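# Chain and residue survey
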Amino acid sequence: MVKVTVDGIQVEVPNGSSALQACEAAGKEIPRFCFHERLSVAGNCRMCLVQVVRAPKPVASCGFPVAEGMEILTDTEIVRKARRAVMEFLLINHPLDCPICDQGGECDLQDQAFGYGADHSRYQEAKRAVTDKYLGPLVKTVMTRCIQCTRCVRFATEIAGVPELGAVSRGENMEITNYVEKALTSELSGNLIDICPVGALTSKPYAFTARPWELKRTDSIDVFDAVGTNTSLHVRGSAVLRIVPRVNDEVNEEWLADKGRFAMDGLKHRRLDRPWVRVHGKLQPVSWQDAFVAIGRRLDGVAGERIGAIVGDLCDAESMLALKDLMTALGSSNVDCRQDGAQYDVSRREFYTFGSGIAGIEEADALLIVGSVPRQEAPVLNARIRKRFVAAGRGGFPIGMIGEPTADPTYRAEILGDGPGILADLRSGSHPFADVLKAAKRPMMIVGHGALVREDARAILAACWALAVEVGAVGPDWNGFNVLHTAASRVAGLDLGLLPGSGGRSAAGMMSGGVDVLWLLGADEFHTAQIGAQTFVVYQGHHGDAAAARADVILPGASFAEKSGTYVNTEGRVQRSFRAVMPPGDAREDWRILRAFSEVVGKTLPYDTLEALRDRLAAANPVFRVIGGRDVAGVSDLTGPAGDPAAVSPAPFQPVIDDYYQTNPICRASPTMGECSRIYVHPRTVAAE
Amino acid sequence: MSAHSPIDQIEQPASFAFDEESEAEIATILAKYPAERKASGTLPLLYVAQKQMGRLTGSAWVPRVAMDEIARRLEVAPIRVYEVATFYLMFNTRPIGRYHLQVCTTTSCWLRGSDDVVAACKKATGIAAFGQSSADGLFTLTEVECLGACSNAPVLQVDDDFYEDLDGPRTVELIEALRRGERPTPGPTIDRLDSAPAGGRKTLTDSPAEPG
Ligand code: SF4
Ligand code: FES
Ligand code: FES
């Protein structure tokens, strides 16, 4: 630790800290443009000038290392003058277009100009103008506003791992560009909008939509993957206008994947906003009462084991539990939260969660990825892997992958093979990567759904666990066994036991007439054609997607933005989101629908407030008692999940996501995601049109 | 006011491959750097590419495909090569004429008559302004900063060669010679050896006395 004085305040900061960090430790705010905590230091904007006693001139605090006994002054005439001068230079070429700039009201330059800008300009000459660049359908550019802080270049290169942005030419002609007029190929590109301190990079879909001071903010959780990114929904009136990340160092740091940020325009399209009942083959709008009666009548006389329920990927824990309780009341144990047919061993949480935690990735020193493409399945988590890879330096964080990645992982990964057969070689030590894992102090393993949706999933899971034990990836003080989920609802579903009870039918078993009445809670990610022709389908959800089209009764539910909900991310972290807007039309919160229906069929569920339901959640599984936090613990019991490691089939892993932008009903209703899909995933069909 | 996008509307060749001569140079260049630091080869390889283009097409410039090829060879992102190539004015990121006339107009040359050299260049080639090429495609005129040959000002650099101590008429003569396909000997165009005083040595004209 080093002792420094900032404006007379003594602070102690770690060796190697910058003067800026010392100032922050002393509670002094230092203006900055180019500096960003999570990026390398560029030191090119000079806004962070401070005075260091005995230094001949003001120093840029962001890149100036502290020394013992250093005295820093942040509020002297020299400092103020220096900052004013820097501001004057920045404003020479920056346009005065704040009234038509989307950054207005949340612009660092605007804010700082308030403090350090002059009331008039001495500059008489022509301002420079820069042509705008094409960066794809999500990021809009107005490059004349760019102050060349290079944050975006550093973000793309360092965090996103797609070195496509750069600063070309020099001096007055310098420009930030990708040079080639090609859409940025990152699932994290939306973060550029947040990272740009001015209005040079703004959101294309959100252009000219609202001013920040008009928006009401509600805390939420991203449901488009299983990372559990903390978000904030910005609402005006009844519409969610944008979604931005909240900082949570344990989960998403301050990043948000593009799907979570931009798919929300799907909330306005193809919504189910009233109940429907199929009459003579045609869906007719009806009242809630009639819809309930229609279901009740169909259920009449149907044995419990002929009723089934499947929950989808975006569901909150509350509605899943209510559905399970309803099924139990109806005498059915046919419930399943695995519409993709994945197989798990739920006897212990370690077998189906991301044991090391997302932040734990930074402590690992070797990684084996089995049947997963984290870049597409969990872009923010992938950024954490990349962060670890970069921090470890050359060869410091060896990564092996089983299964061909469908996209550049953004870090160097050795492809060990295409199928789980390699696991046996790793265990016998005949594959050289086994030594890498063994040599590591904290090796970790990520098992993805490419491995878990197969016939031999249990065998693979058992083999992975056995390997993890053998290489020391699990032990009393380190749990490096990680299951990476893709569905936001999945871990909560497993925690609550939304799995077929003894003798119960799985999702697959409910197909082809396996049940007479099938209740789908937002379940759309399976082939609805497999549902038996005679099966009576109730679809409860918010979007008119594939399953609603097949339904006999449609119950309009609420999307994640329209209800308070509990979600459990892939780490097993329980998080809450809040209602930002009301569901459209007659749509209702899902647990309330289930509660209301239970009354109609005389099986009234024993809760009628959200609090009571949450008590029931905590009673069903104590993990729901702790919100936000997460136990980081080692594994004391090394016995593995059920399954015969020898029974793995050599078939190659198949990716579970073939179009990142179209993985759920909201995305498929989103014009923005549709455009992304056309541009990024199916570029050839565009050209052919 | 400038509003330019470096590669907008420039017709780019479809492909680029280093020829044998370039490959030999590249091998020598890359031998100088440790394998994991081969990104250091960016600058020299850009030169190699530009020279090859001059050799094969008569226009010494670096098309984007060549930068992409360099990026591939050096295992860096293409944008890193674009950045370097556009930063240094010695690399032409758009096609130029057969002869690249680079007139120094910095102080020493200007004081010694670079205006005349510029005027002569324009007159002899028909080029109207810096940055443009002659109608016959033979010449491109560029204004450059100090070439480091101030003692022999004013200086005109043609491709890689310096022609020094120029005046208007000698500049025209030089350009005419180039047009005929000749390459006059580079260096001072007056009675001067390298950068020794004009008209011969002025000091140390006698041999030192024999020691003894
Ligand atoms: S575009 Fe924004 S982030 Fe990028 S250099 Fe310019 S001001 Fe900085
Ligand atoms: S913040 Fe320190 S130079 Fe930009
Ligand atoms: S000023 Fe022209 S060469 Fe130096």
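Keep in mind that this is a model prediction, so the values were computed, not measured. (Residues numbered from 1 in each chain as written. Chains lettered and ligands numbered in written order. Predicted model: local features only at pLDDT ≥ 70, side-chain atom pairs only at ≥ 80, totals over all residues. Heavy atoms only, no water.)

Further remarks concern the environment of G541 of chain A. Residues and elements named next belong to chain A. Of note, G541 is situated in strand β25 (residues 536–541). Separated by 124 residues in the primary sequence, G541 and P665 place their C-alpha atoms 9.5 Å from one another. Those residues in contact with G541, other than ones at most four positions away along the chain, are L272, G522, L555, P556 and G557. (Helix = DSSP H or I, 4+ residues; strand = E, 2+ residues; numbered from the N terminus. Contact = heavy atoms within 4.5 Å.)

The biggest cluster of nonpolar side chains holds 113 residues, and the ones touching the most others in it are L381 and F560 of chain A. The contacts of L381 of chain A, once residues within four sequence positions are left out, are V227, F354, I358, I361, I446, L484 and T570 of chain A. (Core = buried A, V, L, I, M, F, W, Y, C linked by side-chain atoms within 4.5 Å. Buried < 20%, exposed > 50% of the residue type's maximum accessible area, 1.4 Å probe, protein only.)

This part is about unusual backbone geometry. Following A153 of chain B, the chain continues to P154 of chain B via a peptide bond in cis, the omega torsion being -5 degrees. Relative to the assigned elements, P154 of chain B resides in the loop between β2 (139–144) and β3 (156–158). In this structure, T150 of chain A takes a positive phi of about 65 degrees despite not being glycine. Here T150 of chain A lies in the loop between β6 (139–141) and α4 (151–159). For T150 of chain A, a relative accessible area of 15% gives the class buried. Even without glycine at this site, D165 of chain B takes up a positive phi of about 55 degrees. Among the secondary structure elements, D165 of chain B is positioned in the loop between β4 (161–164) and α7 (168–179).

Volume-wise, the largest pocket comes out at about 1500 Å³. Forming the boundary of the largest pocket are 45 residues, of which L89, M90, F91, N92 and H100 of chain B lie nearest the centre. Elements supplying a minimum of two residues to the lining of the largest pocket: α1 (20–30), α2 (42–57), α4 (78–87), β1 (99–104) and β2 of chain B. Here the element with the most residues in the lining of the largest pocket is α2 of chain B; it accounts for seven residues. Of the pockets and cavities examined, the second largest pocket occupies roughly 1200 Å³. Looking at the second largest pocket, it is lined by 27 residues, and the ones nearest its centre are P163 and R412 of chain A together with E75, V76 and A77 of chain B. Partitioning the lining of the second largest pocket into residue classes produces eleven nonpolar, five polar and eleven charged. (1 Å grid on protein atoms, 1.4 Å probe; cavity = no way out; pocket = protein on both sides within 12 Å on 5 of 7 lines; lining within 4 Å. Points joined across faces, edges and corners; volume = space filled by probe spheres on them. Nonpolar A, V, L, I, M, F, W, Y, C, P; charged D, E, K, R; others polar.)

All names here are of chain B. Feature annotation in UniProt assigns "binding site: [2Fe-2S] cluster" (unreviewed entry) to the following positions: C104, C109, C146 and C150. Spanning 47 residues, the named residues nonetheless gather at one spot, since no C-alpha pair among them exceeds 9.4 Å. Here the residues from the annotation list that line the largest pocket are C146. Its place among the elements puts C109 in helix α5 (residues 107–111). C109 sits in the buried class, given a relative accessible area of 3%. Mapped onto the secondary structure, C150 falls in the loop between β2 and β3. (UniProt positions renumbered as here; feature names shortened; annotations may be inferred.)

Let us look at the sheet that holds strand β12 (residues 239–245) of chain A. Residues and elements named next belong to chain A. The strand order β10-β11-β12 describes an open sheet built from three strands, whose pairing is antiparallel. Each having just a single partner strand, β10 (216–221) and β12 make up the two edges of the open sheet. The average undirected angle you get between the axes of adjacent strands in this sheet is 30 degrees. Alignment of strand β11 (residues 230–236) against β12, held across six bridges, turns out to be antiparallel. Within β12, the residue paired with S232 across the bridge is V244. (Pairing = 2+ DSSP bridges. Axes fitted to C-alpha atoms, helices over the stretch in contact; angles between N-to-C directions.)

A few words on the interface of chain B and chain A. Every contact between the two is made by 20 residues of chain B and, on the other side, 23 residues of chain A. At the boundary of chain B with chain A, total buried surface from both sides reaches about 1800 Å², with 54% on carbon and sulfur atoms. Here chain B is connected to chain A by five residue pairs in polar contact (both at pLDDT 80 or more). Elements represented by at least two residues in the side of chain B that touches chain A include exactly α3 (64–74) and α4 of chain B. For the side of chain B that touches chain A, a count of residues per class yields ten nonpolar, five polar and five charged. (Buried area = accessible area lost by both parts, 1.4 Å probe. Polar contact = N/O pair within 3.5 Å; in protein donor to acceptor, adjacent residues only side chain to side chain.)

Summed over the entire model, instances satisfying the criterion amount to 15 aromatic pairs over all chains. With centroids separated by 5.6 Å and ring planes inclined at 80 degrees, the aromatic side chains of F224 of chain A and F560 of chain A adopt a geometry described as edge-to-face. Of this pair, F224 of chain A sits in the loop between β10 and β11 while F560 of chain A sits in the loop between β26 (553–556) and β27 (565–568), and the two are 336 residues apart along the sequence. Each member of the pair, F224 of chain A together with F560 of chain A, is buried. An aromatic cluster is present here, built from W288, F292, W519 and F597 of chain A joined pairwise through their rings. Over the face of the ring belonging to F87 of chain B we find R170 of chain A, whose NZ or CZ atom lies 4.9 Å from the ring centre. Against the face of F397 of chain A rests R388 of chain A, its NZ or CZ located 5.3 Å from the ring centre. (Phe/Tyr/Trp six-rings, centres within 6.5 Å; stacked < 30°, edge-to-face > 60°. Lys NZ or Arg CZ within 6 Å of the ring centre and 35° of its normal.)

Before going further, it helps to spend a moment on the environment of G54 of chain B. Residues and elements named next belong to chain B. The residue G54 is located in helix α2 in this model. In this structure, the C-alpha to C-alpha distance between G54 and D159, residues 105 residues apart in sequence, is 9.7 Å. In this structure, G54 is in contact with S59 and A60, ignoring residues within four places of it in sequence.

Turning our eyes to something else, we now look at the sheet that holds strand β19 (residues 414–417) of chain A. The pairing of strands in a sheet comes from backbone hydrogen bonds and takes either a parallel or an antiparallel form. Residue and element names in this part refer to chain A. Spatially, five strands are ordered β19-β18-β17-β20-β23 in an open sheet, and the strand pairing comes out parallel. Of all strands in the sheet, those bounded by a partner on one side alone are β19 and β23 (481–483). When strand polarity is set aside, the average angle formed by the axes of neighbouring strands in this sheet is 20 degrees. The sheet contacts of helix α14 (residues 457–471) involve β17 (366–370), β20 (443–447) and β23, and relative to β20 the element is tilted by about 175 degrees.

This paragraph deals with the site of ligand 1. Neighbouring residues of ligand 1: 14 residues in total, closest C146, C149, T150, C152 and C196 of chain A. Residues of the shell around ligand 1, tallied by class, amount to eleven nonpolar, two polar and one charged. (Near = heavy atom within 4 Å.)

Take the UniProt feature "domain: 4Fe-4S Mo/W bis-MGD-type" (unreviewed entry) in chain A next. Following the UniProt record, the feature "domain: 4Fe-4S Mo/W bis-MGD-type" (unreviewed entry) maps to residues 215–271 of chain A here. The span residues 215–271 of chain A carries 9% helix and 35% strand; its end-to-end C-alpha distance comes to 23 Å.

So, about empty space enclosed by the protein. Residue and element names in this part refer to chain A. Under the defined criterion, the tally for this structure stands at seven cavities of 30 Å³ or more. Lining the largest cavity are 16 residues, and of these L314, C315, G522, H542 and K563 sit closest to its centre. Elements represented by at least two residues in the lining of the largest cavity include exactly β25 and α19 (665–669). Among the elements that take part in the lining of the largest cavity, β25 stands out by supplying three residues, more than any other. Residues of the lining of the largest cavity, tallied by class, amount to nine nonpolar, five polar and two charged.

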